Amino acid sequence: MNRTARPYLINLLLLLAAFILSIAAGPVFIPPGTIVRILINGLPGIGSAADWPQNYTAIVHQIRLPHTFLILLTGAALGGSGAAYQGVFRNPLADPYLIGVASGAGLGAVAAMAVRWPNGLLGLYTIPVAAFLGALITVALVYSLARVGRTLPTTTLILAGVAVSAFATSLTSFLMLRSNYELRRAIGWLLGGSILSGWEPVLAVLPYILIGLGLLLSSGHALNVLQFGEEQATQLGIPAERVKVLILLAASLTTAAAVAFSGVIGFIGLIVPHLARMIWGHDYRSVIPLSIIGGAAALLLADLAARTALAPQIVPVGIVTALVGAPFFLWVLRRAKNQVYW
Amino acid sequence: MLEIKSLFVNYGSRQALNDISLEVNAGELLVVIGPNGAGKSTLVRAVSGALPLAHGSVHVNGLDLSRLSPAQRARQIAVVPQARNLPAAVTVYQSVLMGRTPYLGWLGHTGQHDHHSAHAALERTSCLELVERPVGELSGGEQQRVLLARALAQETPVLLLDEPTTHLDLQHQSSLLNLVRQLVVQQQLAVLMVLHDLNLASIYADLIALLVDGKLKALGRPAQVLTEANLTQVYHVPVHIIPHPEYGSPLVLPDGRKAAGL
C-alpha cells in the first residue's frame, strides 16, 4: 500500500465505523446492515423493497443521521482547529478548550441568546457569528497575556487560558442565572450536549465549518515553515504575521461554529492532533487533514459512549471527553517536561 | 550586488543601527565584527527584511527590497540564522526543502526541480547522510550545516550568516568557514557574515566592518580595520597585532592581563 495513503485509509475506516455505530446505537438498536440499506434507499433512483420496521426510516433520517452529522462536524472542527492552534502557537498543549477559546465562544453564544437574538432561522444561523466574536476576543486576550517576549511558554499559555476561561465561564453562568428558564437549558448545552435536533443545526453550522476547515487545510505548508519561528518564516518568504492571523481566524471560526451548536467540548483538539503527530509525523499538510478525520471519529465514539453508558440517561459528551482527556493532558504535560518537545 | 544605504533601525526609542552603509559585491565576503550589543545581529535581521527600517534602503542587483513581497525578497537574500530552538521533529530533508518556499505556491507543492535544488544543497554541505534525521537531534555543527543547506536551496545571489561558528569546535569552525569561502569564490555569492572571533574574521574576510553601538566604526581590508588603535578603543582591552605566520593577515592577541596588573 502507498505509504502516504495508509494513515488516511485507516482514519477513514475508523470514521466510517464510528459513523455507522453512531446511527445504530440508541433506544432502538438498528443493525448496521439495515442502516446501509436505509441510506441507499434514501438515494433517488435506487430503491428496493423495505423489509425493516417502518419507523426505522424516520429514526435514521430525522433523528440519528442529523445528530451523527452534527457530532461529526463538531469533532472535525475541534480536531482541525486544535492542530492549527498547536501549530501556530508552537505548543503541543494548545487546545481550543484549554486556551479558553471554547469558553469565549460559549460566552458569545449565550450573550447573543440573552439579548433577545432574533428568533427562528436567522437567529439560528447567526449564533455562530456571536460565538466567533467571543472566540476572537478570547484568543487575542490569551495570546497577549501569555506571550513572553517572542515566545509563548506552555505554562503561561495554560495559565492565561485557565484564567480567561474561568472568567468567561462565570460571565456565562451569570447571564444564565439572570435570565429566564429557556436560557437555563443552555447549561446542559454548555456541558457539551446539543440541545438542538433535526437538520437545522447541521445546516447552520456547515458553512462556517467548511470555510474554516478549508482555510486550515490549505495552510499546512505555511504551518510547517512557521515551526521555525516567525522570523525565519519571513526570511523564507512567508508573510508570517499575516498568515498567523489568518490561521487563527480560521481556527477560531471553526471552533466557534462547533461550540455554538454542540457546546463546550474539551480535549478532542488536544488528543487527536497529538496522536496524529506521534503516529504519522509532524508534517502539517497531513496533520491537519488527519486531525479533522480523526477528530470526527473520536467525538462520534465519545458521543456513542455518552449516549449508551448510562442509557436511558444521556451524559453530556463533554464529560466523556474530559474524563478521557484530562489524564491524557497530564501525560502530555509530563512528556513535554521531560523532553524538549518542539 | 548587495547595497545597504544609510540604514537606521530603532528598537522602541533606542537607536539600534545608526547610518550604516555597506556594499558587498559578487564573489566577496564581508565580515561584520563588534562587541556584544553592537547591532550585528540586528543588521542581519534588518537587511533580511525581518525588521522594519526606520530609514535607509537595501538593494540587491538594483532591486529595492522594501518594495518586494517576502517571497520575492527570499529569492534575493537567504539567511543562515543562529541554530537555536529548531523544531525538534522536522527532518533534515523537510527543513532543506523549505528553502524552496519562495518559489512555491501557497500550498507548498514541490516539483522535481525543487527536490533537485534541495539535493544539491545537501550534497554541497555534506548533509546527505543526515536527511532522515530530525533536526532537533543533531549536534550544533550539523544543525548549522543544515541551515546553510536550506539557505543554499533558496538559490539567492546574496547570503547572510549570523555567527555561524559560535558553538562549534575548531575543526567544525574551519570546515564551515572553508565551505562559505568556497561558495563565495565558486558560486560568486555576495556574503555578509557576522563573526565573533576576530582571528577567523581576519583569515576569511575580504572586507571587515567594525560595528560599535549601532554605528560603523571602521570598514576595509582586515589589515586596515584590525589595528591596535581600533580594537583597544572598541573592546576596552589592550591588544597586540601580529602577522599570521602563513598568510601574513593580522592576528589579534588580547593583552588584558597586563593591563589589570596580574
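Conventions and cut-offs
- Residues numbered from 1 in each chain as written.
- Chains lettered and ligands numbered in written order.
- Predicted model: local features only at pLDDT ≥ 70, side-chain atom pairs only at ≥ 80, totals over all residues.
- Pairing = 2+ DSSP bridges.
- Helix = DSSP H or I, 4+ residues; strand = E, 2+ residues; numbered from the N terminus.
- Axes fitted to C-alpha atoms, helices over the stretch in contact; angles between N-to-C directions.
- Contact = placed C-beta atoms within 7 Å.
- Domains from an automatic or database assignment.
- Nonpolar A, V, L, I, M, F, W, Y, C, P; charged D, E, K, R; others polar.
- Buried ≥ 20, exposed ≤ 12 C-beta atoms within 10 Å, placed from the backbone.
- pLDDT = per-residue confidence, 0-100.

## Thoughts on the sheet that holds strand β10 (residues 215-220) of chain B
Residues and elements named next belong to chain B. The strand order β6-β7-β8-β3-β9-β10 describes an open sheet built from six strands, whose pairing is mixed. The open sheet has two edge strands, β6 (77-80) and β10, and neither has a second partner. Each strand of the sheet is rotated relative to its neighbour by a mean of 20°, with strand direction disregarded. Here four bridges tie β6 to strand β7 (residues 158-162), and the two strands are oriented parallel to one another. Bridge pairing in β7 places Val80 opposite Leu161. Along the sheet, helix α5 (residues 140-153) makes contact with β6 and β7, crossing β6 at roughly 175°.

## What about the domain arrangement of chain B?
All names here are of chain B. When the domains of chain B are assigned, the result is domain 1 (1-76 + 156-236) and domain 2 (91-154). With centres defined by C-alpha atoms, the gap from domain 1 to domain 2 works out at 23 Å. Contact residues are listed per partner, giving eleven residues for domain 1 and nine residues for domain 2. Top element by residues in the side of domain 1 that touches domain 2 is helix α6 (residues 170-186). It accounts for three residues. Classifying every residue of the side of domain 1 that touches domain 2 gives seven nonpolar, three polar and one charged.

## Looking at the interface of chain B and chain A
Between chain B and chain A, the residue contacts involve 24 residues of the former and 21 residues of the latter. When grouped by side-chain class, the residues that make up the side of chain B that touches chain A number 15 nonpolar, eight polar and one charged.

## Observations concerning helix α1 (residues 40-48) of chain B
Residues and elements named next belong to chain B. Most of α1 sits out of view: eight of its nine residues are buried. The complete set of buried residues in α1 reads Lys40, Thr42, Leu43, Val44, Arg45, Ala46, Val47 and Ser48. Where α1 ends, the next residue or the one after it, Gly49, has phi of about 95°, a positive value.

## Observations regarding the confidence of the model for chain A
Counting all residues, the mean pLDDT for chain A is 85, and 87% of those residues have values of 70 or more. Confidence scores differ between elements of chain A, with helix α8 (residues 186-190) of chain A showing the lowest mean pLDDT of 59 and helix α14 (residues 284-308) of chain A the highest of 95.

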